[in-house]
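# Structural features, examined
For reference, the chains in residue letters:
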Amino acid sequence: MTDKAKLELNGKPIEVPVIVGTEDEHAIDISELRAKTGFITLDDGYGNTGSCKSAITYIDGEKGILRYRGIPIEQLAAKSSFLETAWLVIWGELPTRAQLDGFTALVLENARLHENLLRHFESFPANGHPMAELSAMINTVSCYELDIMNGEDAKNIESAAARLLGKVCTIAAASYNAAQGKPIIQPDPALGYADNFLQMMFSQGRKDYRVDHEVAAALDLIFVLHADHEQNCSTSTVRMVASSGANLFASCAAGVCALWGPLHGGANAAVLDQLESIHKSGVTVKDYIARAKDKTSGVRLMGFGHRVYKNYDPRAKIIKATADRILDKLHINDPLLDIARELEAAALADSYFKDRSLYPNVDFYSGIIMRAIGIPVNMFTVMFAIGRMPGWIAHWKELHDQKSRIYRPRQVYIGKPIRDYVAMESR
Ligand code: ACO
């Protein structure tokens, strides 16, 4: 393979470098094209654009591969924990025992919210969206963290990462409790990360409440599976905001806003909405599948198919067993979960879905698990945001380490050519 690509522009030959990644992916480096030729490239929606070089996550959608820092997601799901994976994603290597213990303690000690911050939850309306509150509160937290806001040395970044990872769980549980008019529960540093979240969410008014460790492990697994997914919409947003020099909290608050959109983080909630509508309408699973196959119906099976994974979503393969285990264990009598299982079996056996490689994706199973453990649908995307936090932090840090320039794409202007201002009385 050549290390140069040849273009011809206005009859003149141009050579541009070819960049080869670790896994033999090839890219044409056009960073000097405009300076040399006056041309830019146009790639609406960035589907063909590599926006950076990154050493964090590798995906091969055709083969169904996902690796963080080179380690297959299957191994991390089986052997790691969320905070260990977070360390790996952010710092690039698995932590030593001392590093992991130190970081875990730092995260949990910093999960507590300043008493003044708790008052902000009183001012949100009960039906305010928890993603709006999460983004607002991440920015608000930064007002109380001035000591670490401006430094970029390793200790500051570790401290900022720990505070962010710790506090997002507390913010999420606080917005849930406050919306119901209940007091906010602060974290207990003696508990694990996912255990703490469940305790803050569900122990309210229940003296006998004990976190079920299998449920906490399932939630921890969901976080591990969401920890990074390279240059998706929210991560690219974090990098874009970070490139202006914005601090970690501001950049991740922007990531939350990008993730909020239904085309991105909202898919797991869409799965539950669809199950709800199937249940309410009384349509059979067989008929619903027929509708999803009919292109004129406008119906798609939510939680099936993936833009990147044209094979099985490797995260879905991992999480399916956990979803089965949690549903069997909790013995929940929930018609939506019964419909989900029927839908999954019917679609997996149907040639329309098989021929198009439309398998259940991670959102299908994570939505089912979260429903089973009692997390309300409007918080599903918040759970995704908590899980994605290590990725956003890692990309913020990588961009700073790379001393990247401010991100500033160009455009092809298609508006009106120059014309004169027309006075009001002549319009
Ligand atoms: N239900 C029914 N048919 C589908 C579905 C589906 N969920 N997904 C794709 N198809 C069909 C398409 O109609 C098309 O059929 P055709 O070849 O006969 O025309 C074929 O499968 C290929 O579909 P595309 O739209 O080309 O696939 P694309 O990669 O563009 O879309 C997407 C991927 C958007 C995820 C799609 O599968 C979809 O809408 N799924 C449901 C929504 C969903 O679950 N989104 C979450 C994705 S995961 C995530 O974001 C973390």
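Let us look at the structure shown here. Residue positions are counted from 1 within each chain, in the order its sequence is given. The predicted nature of this model means local features are confined to residues of pLDDT at least 70 and side-chain atom pairs, given and counted, to a pLDDT of 80 or more, with totals for whole chains, interfaces and linings taken over all residues. Side-chain calculation: all heavy atoms of the structure are included, whereas hydrogens and water are not.

### Considerations on the overall build of the chain
- Only DSSP runs of H or I reaching four residues or more are called helices, and only runs of E reaching two or more are called strands; each is numbered from the N terminus. When helices and strands are tallied, the chain shows 19 helices and six strands.
- What you see for the chain is a C-alpha radius of gyration of 24 Å, in line with the 22 Å of a compact globule of 427 residues.
- Each principal axis of the C-alpha distribution contributes one length, and for the chain these read about 75 × 65 × 60 Å.
- Expressed as a percentage of its 427 residues, the buried residues of the chain come to 48%.
- Of the contacts made within the chain by residues no fewer than 6 positions apart, 71% connect residues no fewer than 24 positions apart.
- With the model as given, the accessible surface of the chain reaches about 22000 Å², and the carbon-plus-sulfur share is 52%.
- On the chain, the mean spot of the 47 positive side-chain charges and the mean spot of the 51 negative ones are 3 Å from each other. Radius of gyration here uses only the C-alpha atoms, and the compact-globule reference equals 2.2 Å multiplied by the residue count raised to the power 0.38. For each residue, the accessible area found with a 1.4 Å probe, counting protein chains only, is set against the maximum for its type, and the residue is called buried under 20%, exposed over 50%, and partly exposed in between. Contact definition: two residues touch when any of their heavy atoms are within 4.5 Å. Note on areas: Shrake-Rupley with a 1.4 Å probe; residue coverage comes only from the protein chains shown. His is not counted here, nor are the chain ends, while Lys and Arg score as positive and Asp and Glu score as negative. By convention, the point assigned to a charge is CZ for Arg, NZ for Lys, CD for Glu and CG for Asp.

### Some words on unusual backbone geometry
- In the Ramachandran plot, E230 falls in the positive-phi region, its phi being about 40 degrees despite a non-glycine side chain.
- Checked against the element boundaries, E230 lands in the loop between α10 (213-226) and α11 (233-242).
- Of the residues examined, E230 reaches a relative accessible area of 29% and is grouped as partly exposed.
- Despite not being glycine, K403 shows a phi value in the positive range, around 50 degrees.
- The topology assignment puts K403 in the segment after α19 (380-401).

### Overview of the pattern of salt bridges
- Any carboxyl oxygen of Asp or Glu that lies within 4 Å of a side-chain nitrogen of Lys or Arg is treated as forming a salt bridge with it. For the coordinates displayed, the defined rule picks out 20 salt bridges.
- E214 serves as the salt-bridge partner of K329, at 3.5 Å between the closest nitrogen and oxygen. On the criterion of sequence distance, the pair formed by K329 in helix α15 (residues 314-330) and E214 in helix α10 is long-range, its members being 115 residues apart.
- You can call K329 partly exposed: its relative accessible area is 34%.
- On the basis of relative accessible area, E214 is assigned to the partly exposed category, the value being 30%.
- With a shortest N-O distance of 2.7 Å, D334 and R371 are connected by a salt bridge. Of this pair, D334 sits in the loop between α15 and α16 (335-348) while R371 is found in helix α18 (residues 362-373), placing the two residues 37 residues apart along the sequence.
- Classification of R371 as partly exposed rests on a relative accessible area of 28%.

### Here we look at helix α5 (residues 115-122)
- Listed as buried for α5 are L117, L118 and F121. Around the axis of α5, the buried residues are gathered within 105 degrees of arc, so they sit on the same side. Turned more than 90 degrees off the buried face of α5, the exposed positions are R119 and E122.
- Considering only its buried residues, α5 is in contact with α6 (130-142) and α8 (154-179). The directions from the helix axis to the C-beta atoms are what the arc is built from.

### What about a positive patch on the surface?
- There is a patch of like positive charges on the surface, built from K295, R300, R307, K310 and R356.
- Classification of K295 by relative accessible area gives exposed; the value is 62%. Patch members must show over 30% relative accessible area and no salt bridge, and they are joined within 9 Å when carrying like charges or within 5 Å when they are nonpolar side chains of Val, Leu, Ile, Met, Phe, Trp or Tyr.

### Concerning the packing of aromatic side chains
- Pairing of aromatic rings covers Phe, Tyr and Trp, the last counted by its six-membered ring, and requires centre-to-centre distances within 6.5 Å; plane angles under 30 degrees mean stacked, over 60 mean edge-to-face, and any other angle means tilted. For the structure on display, the rule yields 13 aromatic pairs.
- Considering the side-chain rings of W87 and W91, the 4.4 Å spacing of their centres and the 35 degrees angle between planes classify their relative orientation as tilted. Of the two residues, W87 and W91 both sit in helix α3 (residues 82-91), four residues apart, roughly one turn of that helix.
- Looking at W91, the relative accessible area reads 24%, which means it is partly exposed.

### Some words on the packing of α6 against α8
- Between N-to-C directions, angles cover 0 to 180 degrees, with each direction set by a line fitted to C-alpha atoms, over the stretch in contact for helices. Running from amino to carboxyl end, α6 crosses α8 at an angle of 135 degrees, the nearest separation of the two axes being 10 Å. One element, α6, and the other, α8, form an angle in the oblique class. Every pair of crossing elements has a handedness; the one defined by α6 and α8 is right-handed. Taking contact as the criterion, the partners of P130, E133, L134, M137, I138 and V141 in α6 are, on α8, L164, K167, V168, I171 and S175.
- Under the scheme applied, nonpolar residues are Ala, Val, Leu, Ile, Met, Phe, Trp, Tyr, Cys and Pro; charged residues are Asp, Glu, Lys and Arg; polar residues are all the others, including Gly. Within the contact of α6 with α8, the residues separate by chemical class into eight nonpolar, one polar and two charged. Each angle gets one of four labels, with under 35 degrees taken as roughly parallel, over 145 as roughly antiparallel, 65 to 115 as roughly perpendicular, and the rest as oblique. Handedness of each helix crossing follows the sense of rotation of the near helix against the far helix: counterclockwise by less than a right angle gives left-handed, clockwise gives right-handed.

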